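# Architecture and fold: a report
Read off the chains here:
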Amino acid sequence: MDERQALIAFGAMSQETRLKIVRLLVKAGPDGMAAGSIADAAAVSASNVSFHLKELERGGLVAARRDARSIVYSAQYDALSGLIRFLMEDCCAGNPAICQPALTPSCCEPAEIAP
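All of the points below concern the structure found in this document. (Residues numbered from 1 in each chain as written. Predicted model: local features only at pLDDT ≥ 70, side-chain atom pairs only at ≥ 80, totals over all residues. Heavy atoms only, no water.)

### Side note on the packing of helix α1 (residues 3-13) against helix α5 (residues 77-88)
Where we set the bar: Only C-alpha atoms enter the line fits that serve as axes; for helices the fit covers just the stretch in contact. Angles between N-to-C directions range over 0 to 180 degrees. The helix count covers DSSP runs of H or I at least four residues long, the strand count covers runs of E at least two residues long, and both are numbered beginning at the N terminus. Orientation is classified from the angle alone, with under 35 degrees giving roughly parallel, over 145 giving roughly antiparallel, 65 to 115 giving roughly perpendicular, and any other angle giving oblique. Take the far helix as your reference; a near helix turned counterclockwise from it by less than a right angle gives a left-handed crossing, and one turned clockwise gives a right-handed crossing. The contact criterion used is simple: two residues touch if any of their non-hydrogen atoms lie within 4.5 Å. For this classification, Asp, Glu, Lys and Arg are treated as charged, while Ala, Val, Leu, Ile, Met, Phe, Trp, Tyr, Cys and Pro are nonpolar and the rest, including Gly, are polar.
Where α1 contacts α5, the axes come no closer than 10 Å and their chain directions differ by 120 degrees. Looking at the two axes, α1 sits oblique to α5. Note on packing geometry: the crossing formed by α1 with α5 is left-handed. In this structure, α1 uses Glu3, Ala6, Ala9, Phe10 and Met13 to contact α5, whose residues at the interface are Leu83, Phe86 and Leu87. Its residues assigned to classes, the contact of α1 with α5 comprises 7 nonpolar, no polar and 1 charged.

And the structure:
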């Protein structure tokens, strides 16, 4: 990931509702969530969630697919991992022991997402 891509992705997430949506979709896993379910979980209107999802799609952080009459959104894990790698690639002047706690996977540990 280059700096321009990182800026676009971080810009897409730099809003409270969009960050909440990304976290919901990460938690939902590869199956994703229907737009209506995202709106309910994020406590926003359907039109509002649509606006935010379009921004996240533009940032490459979520993808949409049609499932019957629903649009299902899922997190783009490669893009999210790319953001983390972008931030950590020059970590600690080449001393990986300092950065190890930040690089240790914690993605499968249960965490609550505040409503």
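There's plenty left to go through after this.
### A closer look at the nonpolar core
Selection criterion: In these notes, a set of buried Ala, Val, Leu, Ile, Met, Phe, Trp, Tyr and Cys residues joined through side-chain atoms within 4.5 Å is what counts as a nonpolar core. Here the term buried applies to any residue with accessible area under 20% of the maximum for its type, exposed to any over 50%, and partly exposed to those in between, with areas from a 1.4 Å probe on protein chains only.
Counting residues in each nonpolar core, the largest one holds 22 residues, and the members touching the most others are Ile21, Leu25, Ile38, Leu53, Leu56 and Leu61. The set of elements that each furnish at least two residues to this core consists of α1, α2 (16-28), α3 (35-42), α4 (46-58), β3 (70-75) and α5. With residues near it in sequence (within four places) discarded, Leu56 still touches Ala12, Met13, Arg18, Ile21, Val22, Leu61 and Val62.

### Things to note about α2
Here is the rule we go by: To estimate how far a helix should reach, multiply one less than its number of residues by 1.5 Å.
Here α2 contains 13 residues, and its C-alpha end-to-end distance of 18 Å stays within 8% of the 18 Å for a straight helix at 1.5 Å per residue. What α2 keeps buried is the set Thr17, Arg18, Lys20, Ile21, Val22, Leu24 and Leu25.

### As for the pairing of β3
This is how the line gets drawn: Here, strands pair whenever DSSP counts at least two bridges between them.
Across 2 bridges, the pairing between strand β1 (residues 33-34) and β3 is antiparallel. What sits directly across from Met33, in β3, is Tyr73. Bridge count for strand β2 (residues 62-67) against β3 is 6 bridges, and the pairing is antiparallel. Within β3, the position partnered with Arg65 by the bridge is Val72. In this antiparallel pair of consecutive strands, β2 and β3, the connection spans 2 residues, and Ala68 shows a positive phi of 60 degrees.

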